[in-house]
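Read off the chains here:
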Amino acid sequence: MTLYYRPIPMTDPARPADSQLLAGGWCWFDRVEVLAREAAPEIIGWEETPAEVLARLTAPRPPVVGLDMDRPRLMGILNVTPDSFSDGGLYLAPEAALARARRMAGEGADLLDIGGESTRPGAALVPEAEEIARTAPVIAGLQGQGLPPISIDTRKAGVARAALDAGAAMLNDVSALSFDPGMAACAATSGVPICLMHAQGDPETMQAAPRYDDVLLDVYDHLAARIAVAEAAGIARKNIVVDPGIGFGKTQEHNLALLARLSLFHGLGVPVLLGVSRKRFIGVIGDAPEPADRMPGSLALALGAVAQGVQILRVHDILPSRQGLALWQAAIRGQAGQATGRESAG
Ligand code: HH2
């Protein structure tokens, strides 16, 4: 029987002396929930966790594109598309995209994630040349201005290469190397970090009837397998980030099951990224039919994720997220202090 070990993350200032720090970050744990497909969950003390699992849970994560992972980081979303579910059409003109990127940087984004193909449910494939024409000029236009590092949100190696040539510093592949056979080699040879995200099916059909045996454990196993594929292709483990892929072939119940136990993913031994911003189920639970009205719910989920040690939050709304993080951190510390992210954010 395969056992899965989920650290029960704590941020309380009363930290027992013999507790463990989660991933060298801001959460600690002294208990671990043991999960299995065939058995009821059980809670054990950290010292009963197998040594190799404990090593992965506690090892400080290496920096990602120069960003230390000992504090939560904000990745600002910039979709240069006509049809993204929230900001589609707003930033298709290069000038509008450049202005949006500069604004998010000014508001304290640690990273900018630029995409030229919507992956919302039902979205159709964008031809590679079109995706390059949307994204590469914007990335090139943002170089040399002291802006945060840029990641390219693409499933295609050709788009990734054009983005890297234009100055991107990270890859974000929602197919976790399974869409384009050239993507793994592109990541390996360029030596930049890559986010491997879980998705079930293609955007066009993924919400038709998503099914899992146990969504949490299935997503965990899938990401573990994709990490193995990435490493076999020559991608260094220090360059891998994982993401459970909220909303990608998942019902509301699936999304919530993942969000409730996000800390399991630290067992993969790499930084965890989460993208919940403005997604549909926030509108359903939070009674906000318009994506632009879903910031409060997005922030609530983001803070819940940070309380489980998630290192990178992919968000549309930098300013409110920055403020929320700063106040959350001040409150758990009982004092204001070190900024929660980009030092220049103040
Ligand atoms: N979500 C979207 C796109 N890319 N990448 C990662 N790593 N994680 C995510 O959750 C994720 C992602 C979908 O959101 P968005 O970019 O806002 O919309 P669209 O796909 O319609 O462009």
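Some points on the pattern of salt bridges
(1) Moving on: Summed over the entire model, instances satisfying the criterion amount to 19 salt bridges.
(2) Moving on: Two residues, D110 and R322, come together in a salt bridge whose shortest N-O distance is 3.2 Å. You can see D110 sitting in the loop between α2 (94–106) and β7 (111–115) and its partner R322 sitting in helix α10 (residues 318–333), a full 212 residues away along the chain.
(3) Moving on: It is possible to trace a salt-bridge network through shared partners that takes in R37, D213, D218 and D221.

A closer look at the site of the ligand
(1) Moving on: Taken together, 18 residues form the shell around the ligand, and within it S84, S118, T119, D243 and K279 come nearest.
(2) Moving on: D243 places a side-chain nitrogen or oxygen 2.6 Å from a nitrogen atom of the ligand.
(3) Moving on: If the ligand stood free it would expose 480 Å²; the protein chains cover 98% of that surface.
(4) Moving on: Broken down by class, the residue content of the shell around the ligand amounts to 6 nonpolar, 7 polar and 5 charged.

Some words on the packing of aromatic side chains
(1) Moving on: Counted by the stated rule, this structure contains 2 aromatic pairs.
(2) Moving on: Ring geometry for Y4 and Y220: centres 5.7 Å apart, planes at 85°, overall edge-to-face. In this pair, Y4 is assigned in strand β1 (residues 4–7) and Y220 in helix α6 (residues 215–232), connecting sequence segments 216 residues apart.
(3) Moving on: For Y4, a relative accessible area of 5% puts it in the buried group.
(4) Moving on: A relative accessible area of 12% places Y220 in the buried class.
(5) Moving on: On the numbers, 6.1 Å between centres and 35° between planes, the contact of Y220 with F265 is tilted. Of this pair, Y220 sits in helix α6 while F265 sits in the loop between α7 (252–260) and β12 (273–274), and the two are 45 residues apart along the sequence.
(6) Moving on: For F265, a relative accessible area of 0% corresponds to the buried category.
(7) Moving on: Among the aromatic residues, those joined into a cluster by ring pairs are Y4, Y220 and F265.

Focus: a nonpolar patch on the surface
(1) Moving on: On the surface, L256, V284 and I285 cluster together into a nonpolar patch covering about 270 Å² of accessible area.
(2) Moving on: Here V284 lies in helix α8 (residues 280–285).

A closer look at the environment of L217
(1) Moving on: Tracing the sequence through the fold places L217 in helix α6.
(2) Moving on: Residues L217 and E52 lie 165 residues apart in sequence; the distance between their C-alpha atoms is 19 Å.
(3) Moving on: Once residues within four sequence positions are removed from consideration, L217 is found in contact with Y4, L35, A36, R37 and L264.

Here we look at helix α1 (residues 51–58)
For an α-helix, the turn length of 3.6 residues means that residues three or four places apart are oriented alike.
(1) Moving on: Listed as buried for α1 are V53, L54, L57 and T58. On an axial view of α1, the arc spanned by its buried residues comes to 120°, and they lie on one face. Of the exposed residues in α1, the ones pointing more than 90 degrees away from its buried face are A51 and E52.
(2) Moving on: Against the buried residues of α1 lie β1, β2 (20–21) and β3 (28–29).

A short note on the sheet that holds β12
(1) Moving on: Reading across the sheet, the 8 strands line up as β11-β10-β9-β8-β7-β6-β13-β12 and stay open at both edges, with parallel pairing between neighbours. Single-partner strands in this sheet number two, and they are β11 (240–243) and β12.
(2) Moving on: In the sheet, strand β9 (residues 170–173) pairs with strand β10 (residues 194–197) via 3 bridges, with the strands oriented parallel. Along β10, the bridge assignment pairs D173 with L196.

What counts, and at which threshold
- The numbers attached to residues start from 1 for each chain and follow its sequence in the written order.
- Local features are withheld for residues below a pLDDT of 70 in this predicted model, meaning they are given only at 70 or higher, and side-chain atom pairs are given and counted only at 80 or more; totals for whole chains, interfaces and linings count all residues.
- As a convention, hydrogens and water are excluded, and side-chain values are obtained from all of the structure's heavy atoms.
- Here, a salt bridge means any side-chain nitrogen of Lys or Arg that lies within 4 Å of a carboxyl oxygen of Asp or Glu.
- Where helices and strands are cited, they refer to DSSP runs of H or I of at least four residues and of E of at least two residues respectively, numbered from the N terminus.
- Whether a residue is near a molecule or strand depends on its heavy atoms: it is near if one of them lies within 4 Å of it.
- Any pair of nitrogen or oxygen atoms within 3.5 Å is treated as a polar contact; in protein, a donor-acceptor pairing is required on top of that, and neighbouring residues in sequence qualify only through side-chain atoms on both sides.
- Accessible areas in this description were obtained via Shrake-Rupley with a 1.4 Å probe; residue shielding takes into account the shown protein chains only.
- When residues are sorted by character, Ala, Val, Leu, Ile, Met, Phe, Trp, Tyr, Cys and Pro go into the nonpolar class, Asp, Glu, Lys and Arg into the charged class, and all the rest, Gly among them, into the polar class.
- Centres within 6.5 Å are what make two rings of Phe, Tyr or Trp a pair, Trp counting through its six-membered ring; a difference in plane orientation under 30 degrees is then read as stacked, over 60 as edge-to-face, and the rest as tilted.
- Accessibility here uses a 1.4 Å probe with only protein chains present; expressed as a share of the type maximum, an area under 20% marks a residue as buried, one over 50% as exposed, and anything in between as partly exposed.
- A patch is a set of surface residues, each over 30% in relative accessible area and not in a salt bridge, joined within 9 Å for like charges and within 5 Å for the nonpolar side chains Val, Leu, Ile, Met, Phe, Trp and Tyr.
- Any pair of residues with heavy atoms lying within 4.5 Å of one another is described as a contacting pair.
- It is the directions from the helix axis to the C-beta atoms that the arc portrays.
- Here, a strand pair is defined by DSSP locating no fewer than two bridges between the strands.

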